[in-house]
Amino acid sequence: MRRALRLAARGPLTGPNPRVGCVLLDAAGRTVAEGFHRGAGTAHAEAAALAQLAARGGHAAGCTAVVTLEPCTHTGRTGPCAQALLAAGVRRVVVAATDPNPAAAGGAALLRAAGVDVEVGVLAAQAEALNERWAAAVGRARPWVTWKFAATLDGRSAAADGSSRWITSAPARADVHRLRAGHDAVLVGTGTALADDPALTVRGPDDAEDGPQPLRVVAGLRELPAGARLRDGRAELLHVRTRDPHAVLAALHAREVRTVLLEGGPALAASFARAGLVDEVVAYLAPALLGAGPAAVADLGVTGITGALRLDLAPGEHALARVGGDVRVTARPRGPSGPPPEQPEQPHPQPHPQQARTEEVARVHRDR
């Protein structure tokens, strides 16, 4: 199972599907094939392992399949893995974690009903941690939200004259691109889009686009100018014409976005935090003082110290790290940061023609 978990970790952090690894063992317990899921539209881990075994001239009859996530029962762009294991004659299946997605769950029960020996729960905690953000998004029917900001030690995101380049060091800014690459979408409000004219792309050391690009999302009612960098075509743009954070996440969930990086501005971040929709905070703190200027976050509705939004350092050794001359803090709210979710307002029913053009893209096909 540890080998299957290492294989699963090689899968992409982004996309609508979980990371899954599979190892096939023969009757003597020897590894005969292995596979992992490489992203939406590709073979699932079990199917990849079975294909590898077949390519080597072997067969799976009597084999044991060791899988990090319960074999699916869902037919999407690929067939259900539980049925594939049955058809191949696998006699035993060892599973780490059950599948939290009701559309795909039930593989363990299906296999047992067909006479296959099934064991569930081997290294479950490790397997669940591997897909924590995906599982949370599936369970909550909304994307996992990471709020990222950069600030001075006194909490300023810009100087009094509005200038903010650069608060943090070059290594910290490079680290932000790594953070973007690990999310399906990057989100800002129209205020930030208009004031900063950001590109919101993943770029390398030479400032050129580097690898697959996240969906660029702008939330708000104001129009973006024709010459905005967000309209440069280097990555897909979605303008969600609402200020309601629930409606923003509903629109992204409908597009199978599982993780979103909230990059600003202060008012949009505050609205998400007040609604209890921030799952993780990544703060880059520069050893500098400004004394005046915009704060990293707007009014959270806190009137007394007892109402403070308390956070705990995230699990893992990298929750507190030095990045260049700055410090990166990764923390998570201890509990709901706002009132129960309300019914979201609907995005503008008649999108602007430019919005319609940017939304005319190939939708991500459902897989799992």
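Below is a summary of the structure that appears in this document. Computed from a prediction, not measured in an experiment: that's the story for all the values here.

## Re unusual backbone geometry
For step 1, the next point in the chain: Following arginine 165, the chain continues to tryptophan 166 via a peptide bond in cis, the omega torsion being -5 degrees.
For step 2, the next point in the chain: The topology assignment puts tryptophan 166 in the loop between strand 6 (144–152) and helix 7 (170–181).
For step 3, the next point in the chain: Omega for the peptide link from glycine 264 to glycine 265 comes to 0 degrees, which places this bond in the cis form.
For step 4, the next point in the chain: With respect to the helices and strands, the residue glycine 265 is situated in the loop between strand 10 (259–264) and helix 10 (266–274).
For step 5, the next point in the chain: A positive phi angle, close to 50 degrees, is found at aspartate 197, a residue other than glycine.
For step 6, the next point in the chain: Structurally, aspartate 197 is set in the loop between helix 8 (190–196) and strand 8 (215–219).

## Let's talk about the sheet that holds strand 3 (residues 64–69)
For step 1, the next point in the chain: What the five strands build is an open sheet, ordered 2-1-3-4-5; its pairing is mixed. Sheet topology places strand 2 (31–36) and strand 5 (117–120) at the edges, where each strand pairs with a single neighbour. The average angle at which neighbouring strand axes cross in this sheet is 15 degrees, direction not considered.
For step 2, the next point in the chain: Relative to strand 2, strand 1 (residues 21–25) runs antiparallel, the two sharing five bridges. Bridge assignment links leucine 25 to a residue of strand 2, and that residue is threonine 31.

## Focus on the pairing of strand 1
For step 1, the next point in the chain: Counted residue by residue, strand 1 has five buried out of five residues, so it is predominantly covered.
For step 2, the next point in the chain: With burial as the criterion, each face of strand 1 is covered, one bearing Gly21, Val23 and Leu25 and the other bearing Cys22 and Leu24.
For step 3, the next point in the chain: Between strand 1 and the antiparallel strand that follows it, strand 2, lie five residues; glycine 29 among them carries a positive phi value of about 85 degrees.
For step 4, the next point in the chain: Note: strand 1 against strand 3, four bridges, orientation antiparallel. Looking at the pairing, leucine 24 lines up with alanine 65 of strand 3.

The rules behind each value
Residues numbered from 1 in each chain as written. Predicted model: local features only at pLDDT ≥ 70, side-chain atom pairs only at ≥ 80, totals over all residues. Heavy atoms only, no water. Helix = DSSP H or I, 4+ residues; strand = E, 2+ residues; numbered from the N terminus. Pairing = 2+ DSSP bridges. Axes fitted to C-alpha atoms, helices over the stretch in contact; angles between N-to-C directions. Buried < 20%, exposed > 50% of the residue type's maximum accessible area, 1.4 Å probe, protein only.

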